[in-house]
Amino acid sequence: MHQYLNAIGFGNIRSRKELNKVLIQVKNLFTQQDLISRDKEIDFCEFRKEFGAGIGISLFGDMDIAENFERNYYYPYFLGTGITSYADVYVEKRMDREAYAGICEDVKIGINLIFHLQNTVEFLKKQLEGKDSVKYKSVTLSGLCNGGTILLPVLKDKEQEERQKEEVHNRMMLVSAAKAGDQDAIESLTMDDIDTYSRVSQRLISEDVFSIVDTYIMPYGIECDHYSILGEILELQRIMNEYTKEEIYVMKLDVNSLLFDICVPVEKVIGSPEVGRRFKGNMWLQGRINF
């Protein structure tokens, strides 16, 4: 079973039999169906069923001319809102199945974000239109978390907040220049990193790391699209999985000036989430490319 079924409220599924019952419902009572032709006799097909506001399961497989469906794989999804990034996006096919990973190069965080592509069939259709290259307008990211912890915010006054915004903006400009080959920008970033390391090392003697680090995002585990995050909660709501009746938190987070939504089961969150507080957890990153 997929390890992130828990994130969308299927934590009570314990057996393959129970899972098959849910997947049969996805196929027979789907919310959305999409397909693209592989050849004259086989279509690549997606059945998607929503089990709550923005959460559901996507089922992929091959369908023949007699409409016999052979399941290949499935995954739980959570649809984010708004626009996360306008940065360049590259798409690569997975080796083991007809699934794709997106790579987003956003200068706000300084690393390439790798995410599981949600609108696979739409992407394949764009490729078949015969254009030299698929044009992307933006990307909407979202995260699935099986659990997490709520932390209090870092105390900052208005002057500190303005200074932090200015520093983030200046670093973004330096990163952009460094990617273009500007040697001065590369040296400046190197010196900034050395200074930051020195200051943090001194403060760690008498302070806790989470009172120094406001937010972060970094790779987690061996999967390329899994991340450990700490972000400020900007919006908070509860939704319910209509099938299992499990409650789920949906939070919009600010993570290193990158805005995206995450979902996490209510019973797996330690602490009381509120707007302004911070969420810490591990997530599976998904994304939808806006064409």
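Above this note sits the structure.
Residues numbered from 1 in each chain as written. Predicted model: local features only at pLDDT ≥ 70, side-chain atom pairs only at ≥ 80, totals over all residues. Heavy atoms only, no water.

*Asks:* Explain the layout of surface pockets to me, using residue names and the numbers behind them.
*Replies:* Within this model, the second largest pocket holds a volume of roughly 200 Å³. Around the second largest pocket, the lining residues are His 2, Gln 3, Tyr 4, Tyr 74, Tyr 75, Arg 94, Arg 97, His 116, Glu 223, Asp 225, His 226 and Trp 284. Class assignment for the residues of the lining of the second largest pocket results in four nonpolar, four polar and four charged. (1 Å grid on protein atoms, 1.4 Å probe; cavity = no way out; pocket = protein on both sides within 12 Å on 5 of 7 lines; lining within 4 Å. Points joined across faces, edges and corners; volume = space filled by probe spheres on them. Nonpolar A, V, L, I, M, F, W, Y, C, P; charged D, E, K, R; others polar.)

*Asks:* Help me get a handle on the environment of Val 213, residues and values and all.
*Replies:* Within the secondary structure, Val 213 sits in the loop between helix 5 (209–212) and strand 10 (216–219). Distance from Val 213 to Glu 162, taken between C-alpha atoms, is 17 Å for residues 51 residues apart in sequence. Every residue in contact with Val 213, bar those within four places of it in the chain, is listed here: Val 154, Leu 230 and Arg 278. (Helix = DSSP H or I, 4+ residues; strand = E, 2+ residues; numbered from the N terminus. Contact = heavy atoms within 4.5 Å.)

*Asks:* I'd like a description of a negative patch on the surface, backed by residues and values.
*Replies:* A cluster of acidic residues, Glu 162, Glu 166, Glu 167, Asp 192 and Asp 195, forms a negative patch at the surface. Among the elements of the structure, helix 3 (158–179) and helix 4 (183–203) are those that each provide at least two residues to the negative patch. A total of three residues in the negative patch trace back to one element, the largest contributor, which is helix 3. Among the secondary structure elements, Asp 192 is positioned in helix 4. (Patch = residues over 30% accessible without salt bridge, like charges linked within 9 Å, V, L, I, M, F, W, Y side chains within 5 Å. Areas by Shrake-Rupley, 256 points an atom, 1.4 Å probe, with all protein chains shown as cover. Salt bridge = Lys/Arg side-chain N within 4 Å of Asp/Glu carboxyl O. Lys, Arg positive; Asp, Glu negative; His and termini not counted. Charge placed at Lys NZ, Arg CZ, Asp CG, Glu CD.)

*Asks:* Go over the packing of aromatic side chains, please, and point to the residues and values.
*Replies:* With the rule as written, the count across this model stands at twelve aromatic pairs. Measuring from centroid to centroid gives 5.1 Å for Phe 10 and Phe 51, while their planes differ by 90 degrees, and the two rings are edge-to-face. Residue Phe 10 is found in the segment before helix 1 (16–28), and its partner Phe 51 is found in strand 2 (residues 42–52); the two are separated by 41 residues along the sequence. Here Phe 10 matches Phe 51 in class, with each residue buried. The interplanar angle of 80 degrees and the centroid separation of 5.0 Å between the aromatic rings of Phe 47 and Phe 69 together place this pair among those described as edge-to-face. Taken together, the residues span a long stretch of sequence, with Phe 47 in strand 2 and Phe 69 in strand 4 (residues 69–78) at a distance of 22 residues. For the pair formed by Phe 47 and Phe 69, the shared burial category is buried. (Phe/Tyr/Trp six-rings, centres within 6.5 Å; stacked < 30°, edge-to-face > 60°. Buried < 20%, exposed > 50% of the residue type's maximum accessible area, 1.4 Å probe, protein only.)

*Asks:* Can you lay out the pattern of salt bridges for me, pointing to particular residues and giving the numbers?
*Replies:* By the definition in use, this model includes seven salt bridges. The partner of Arg 48 in a salt bridge is Glu 46, and the shortest N-O contact between them spans 3.0 Å. Each of the two residues, Arg 48 as well as Glu 46, counts as buried. Glu 274 is the salt-bridge partner of Arg 277, the closest N and O atoms lying 3.9 Å from each other.

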